[in-house]
Amino acid sequence: MRTVPIHTKPLYEVLCGAGLLQEAGARLKPLLAADRIAVVCDDTVAPLYLKTLHDSLAAAGFSVIDCVVPAGEAHKNFATLQALLERFAENGLTRRDAVAALGGGVIGDMAGFAAGVYMRGIRYVQLPTTLLAAVDSSVGGKTAIDLANGKNLAGLFLQPSAVLCDTDCLATLPPEILADGAAEAIKTGVLDDETLFALFEERPVGQEGLEDLIARCVLYKAGVVERDERELFERKLLNLGHTAAHSIEYLSGYTVAHGHAVAAGLAIIARAADRLGWSEEPVGARICACLEKNGLPTTTHFSPADLAAAAARDKKRGGDQITLVVPRRIGACDLRPTPLSDLTRVFSAGLEA
Ligand code: NAD
Ligand code: GLY
């Protein structure tokens, strides 16, 4: 098992290894002086893993409230948030109690947000069951729901009290959902670590070696979050590929999964970096080949103008600018404040054949 401490306030640990769902109750009991835990999960994950977690928490003396919501980004919205909050209240969750997010990034973001606003904030823990949630979304305390006007437009920074990543859960992921996680892991390689990137070039992400891969990505993210918890400077780098990605997700009505959209966004900004002379060595072809090897897309059918118009709704926008993250080489990226009026040109450069 791997342990990565996250030195935020509160300090918490990310544990990653096999069998952690069964151990969750015993591990969380000393950490959370709670009577009740509301376990939030979606209706795909519930039949797979809810009973194991429920029984483990109950055996440790928690009173467990199961909160099952419909799966998918289309349900990461106010209606589901409200249903969760009402369920917490109906079941007498108090300020000393806690929420457990069992699932992918959609559940982690939404359950974390619900915990953050219920009774002005109660504690929560993350139990990621997708690779994407394990390498990225369960760590760092970003919580959110989508609004009709765009993605993640309502949310809070709220660090979890613990992250328990049971790698056994990843065995049931369909290949395309595993690939969503590969996209965020490849992003980590492009941001910081050419040797990590090279692993994904050599062999597509599969079930082998996930514990190490997750620990490497979490270790990198931990450092960034510790230095810039609220995304005032360095944490913006973690949005590599995300400007086009959020536009693609929004324009598709959230039928394109986040990881697939991130892959396309990464390819678009990498090709743009080469064509606009922003990279110091060619990055586009190498990044695209790596994404393709991992079963991920490198383009979109949305036009540069539509992508740019949708990006104007992005929460990363500040005034008439948006900060793009641009690969300089594999393992190093730059922040590049860009006028919104220039985005169509950038996306055009990134989408040219
Ligand atoms: P997801 O939560 O929708 O999960 C994808 C699908 O996999 C769902 O249908 C789910 O039911 C299913 N699933 C989950 N675990 C499974 C398992 N073990 N076996 C079989 N099926 C399983 O999507 P995701 O890719 O995990 O997360 C994407 C979300 O994460 C987006 O909303 C994105 O905005 C968010 N995100 C947040 C952050 C952050 O820092 N907070 C970072 C990256 C992404
Ligand atoms: N996934 C982006 C962040 O956590 O900041």
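Keep in mind the model is a prediction, meaning the values are calculated, not measured. The numbering scheme is per chain: residues are counted from 1 as the chain's sequence reads. For naming, the first written chain is A and the first written ligand is 1, with later ones following in the order written. Only residues with pLDDT of at least 70 are given local features in this predicted model, and only at 80 or more are side-chain atom pairs given and counted; all residues enter the totals for whole chains, interfaces and linings. Heavy atoms throughout the structure, all of them, feed into the side-chain values; hydrogens and water do not.

J.: What is the right way to read the site of ligand 1 from this model?
T.: Every one of the 27 residues lining ligand 1 counts as a neighbour, but D42, E73, K76, T129 and T130 are closest to it. Pairs of N or O atoms within 3.5 Å make up the polar contacts considered here, provided that, within protein, one atom can donate a hydrogen while the other can accept it, and that residues adjacent in sequence are counted only when both atoms are side-chain atoms. The contact in question runs from an oxygen atom of ligand 1 to an N or O atom on the side chain of K221, over 3.5 Å. Residue-level accessible areas treat just the shown protein chains as cover; the underlying method is Shrake-Rupley with a 1.4 Å probe. Within the complex, the protein chains bury 90% of what would otherwise be the 870 Å² of accessible surface of ligand 1. The set of elements that each furnish at least two residues to the shell around ligand 1 consists of α2 (46–59), α4 (105–117), α5 (131–137), β8 (150–157) and α6 (175–192). In these notes, residues near a molecule or strand are those with any non-hydrogen atom within 4 Å of it. Helix and strand assignments come from DSSP, with helices taken as H or I runs of at least 4 residues and strands as E runs of at least 2, each series counted from the N terminus.

J.: How do you make sense of the pattern of salt bridges when you look at a structure like this?
T.: A side chain with one charge can pair with a side chain of the opposite charge if their charged atoms come near. For salt bridges, the criterion is a side-chain nitrogen of Lys or Arg within 4 Å of an Asp or Glu carboxyl oxygen. Applying the stated rule across the entire model yields 22 salt bridges. Put simply, K151 and E73 hold a salt bridge, and the shortest N to O gap is 2.8 Å. Highlighted residues: K151 in strand β8 and E73 in the loop between β4 (63–69) and α3 (78–90), separated in sequence by 78 residues. On the accessibility criterion, K151 (6% relative accessible area) is buried. Think of it in three bands: residues with accessible area under 20% of the maximum for their type are buried, residues over 50% are exposed, and the middle band is partly exposed, with areas taken using a 1.4 Å probe on protein chains only. For E73, a relative accessible area of 15% gives the class buried. Ionic pairing is found between R345 and D342, a salt bridge with its closest N-O pair at 2.9 Å. Taken together, the shared-partner salt bridges in this structure form one network comprising E73, K76, D109, K151 and E249.

J.: What's the story with the packing of aromatic side chains in this structure? I'm lost.
T.: The relative placement of two aromatic rings is captured by the distance of their centres and the angle of their planes. Paired rings are identified among Phe, Tyr and Trp, the last through its six-membered ring, by centres lying within 6.5 Å, and are further divided according to the angle between planes into stacked (under 30 degrees), edge-to-face (over 60) and tilted (the rest). Under the defined criterion, the tally for this structure stands at one aromatic pair. Relative to Y118, the ring of F88 has its centre 5.4 Å away and its plane inclined at 90°; by these criteria the two rings are edge-to-face. Here Y118 lies in the loop between α4 and β6 (123–128) and F88 lies in helix α3, a separation of 30 residues in the sequence. You can call F88 buried: its relative accessible area is 0%. For Y118, a relative accessible area of 7% translates into the label buried. When the ring centre of F62 is taken as origin, the NZ or CZ atom of K29, which lies over that ring, is 4.3 Å away. Ring-over charges, as used throughout, are those where CZ of Arg or NZ of Lys falls within 6 Å of the ring centre and within 35 degrees of the ring normal.

J.: How should I be thinking about the sheet that holds strand β2 (residues 12–17) in this particular structure?
T.: Hydrogen bonds along the backbone pair up the strands of a sheet, which may run parallel or antiparallel. We call two strands paired when DSSP finds no fewer than two bridges between them. Pairing is mixed in the open sheet, where seven strands are placed in the order β1-β2-β9-β6-β5-β3-β4. With partners counted over all chains shown, the strands left at the sheet margins are β1 (2–6) and β4, one partner each. In this sheet, adjacent strand axes meet at a mean angle of 15° when their direction is disregarded. What makes two residues a contact is simply this: any of their non-hydrogen atoms within 4.5 Å. Axes here refer to lines fitted to C-alpha atoms; in helices the fit is confined to the stretch in contact. Angles between the N-to-C directions go from 0 to 180 degrees. Those strands touched by helix α1 (residues 20–28) are β2, β5 (98–103), β6 and β9 (162–166), and its axis lies near 155° from that of β9. Lying over the sheet, α4 contacts β3 (36–42), β4, β5 and β6, oriented at roughly 170° with respect to β5.

By themselves, these observations are geometric and do not establish any function.
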